[in-house]
Amino acid sequence: QVQFVESGGGLVQPGGSLRLSCAATGSISTFAAMGWFRQAPGKPRELVATISNGGITYYVVSVKGRFTISRDNAKNTVYLQMNSLKPEDTAVYYCNGLRRDSRWSDYWGQGTQVTVSS
């Protein structure tokens, strides 16, 4: 069973930057897509960005131009570079992997807190 461990969260001022990392205990090349989701208090979990095994990326409109998702299959790690952070980006960020086992399955990390505040 592959596990994901997120790191890189923390407290940052508005306009600042953070880079989140998601390290997998196994090969991420077996995953059709990797992504980042986030959940703010009292809100549902939302998709932030995804990257396919072929490198095709998708971003939710609210982060487009500010966040960049990337993957390093050799290091089994996915990154989320977050620039120009806003208070509304405050949330717990979760790493996600989508893989076809006997059926399509979602794998999740434990989450890392990102707080944007002055």
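Now for a look at the structure at hand. (Residues numbered from 1 in each chain as written. Predicted model: local features only at pLDDT ≥ 70, side-chain atom pairs only at ≥ 80, totals over all residues. Heavy atoms only, no water.)

1. A closer look at the packing of aromatic side chains
Consideration 1: Taken as a whole, this structure holds 3 aromatic pairs when the rule is applied.
Consideration 2: On the numbers, 5.3 Å between centres and 90 degrees between planes, the contact of Phe31 with Tyr107 is edge-to-face. In this pair, Phe31 sits in the loop between β3 (18–24) and β4 (33–39) while Tyr107 sits in strand β10 (residues 104–108), placing the two residues 76 residues apart along the sequence.
Consideration 3: Pairing Phe37 with Trp108 gives two aromatic rings, centres 4.9 Å apart and planes at 70 degrees, and the pair type is edge-to-face. With a gap of 71 residues between them, Phe37 in strand β4 and Trp108 in strand β10 connect regions that are remote in the sequence.
Consideration 4: By relative accessible area, Phe37 is classed as buried at 18%.
Consideration 5: A network of ring pairs unites the aromatic residues Phe4, Phe31 and Tyr107 as a single cluster. (Phe/Tyr/Trp six-rings, centres within 6.5 Å; stacked < 30°, edge-to-face > 60°. Helix = DSSP H or I, 4+ residues; strand = E, 2+ residues; numbered from the N terminus. Buried < 20%, exposed > 50% of the residue type's maximum accessible area, 1.4 Å probe, protein only.)

2. Some thoughts on the nonpolar core
Consideration 1: Core analysis: the largest hydrophobic core is formed by 30 residues, its most contacted members being Phe4, Trp36, Leu80, Met82 and Tyr93.
Consideration 2: Going through the elements one at a time, β3, β4, β5 (46–52), β7 (67–72), β8 (77–82), β9 (91–100) and β11 (112–116) are the ones with two or more residues in this core.
Consideration 3: Of the residues forming this core, the biggest block, 4 residues, is contributed by β3.
Consideration 4: Filtering out sequence-adjacent residues up to four positions away, Phe4 remains in contact with Cys22, Ala23, Ala24, Phe31, Met34, Cys95, Asn96, Gly97, Tyr107, Trp108, Gly109 and Gln110. (Core = buried A, V, L, I, M, F, W, Y, C linked by side-chain atoms within 4.5 Å. Contact = heavy atoms within 4.5 Å.)

Don't take any of this as a statement about function, it's just geometry.
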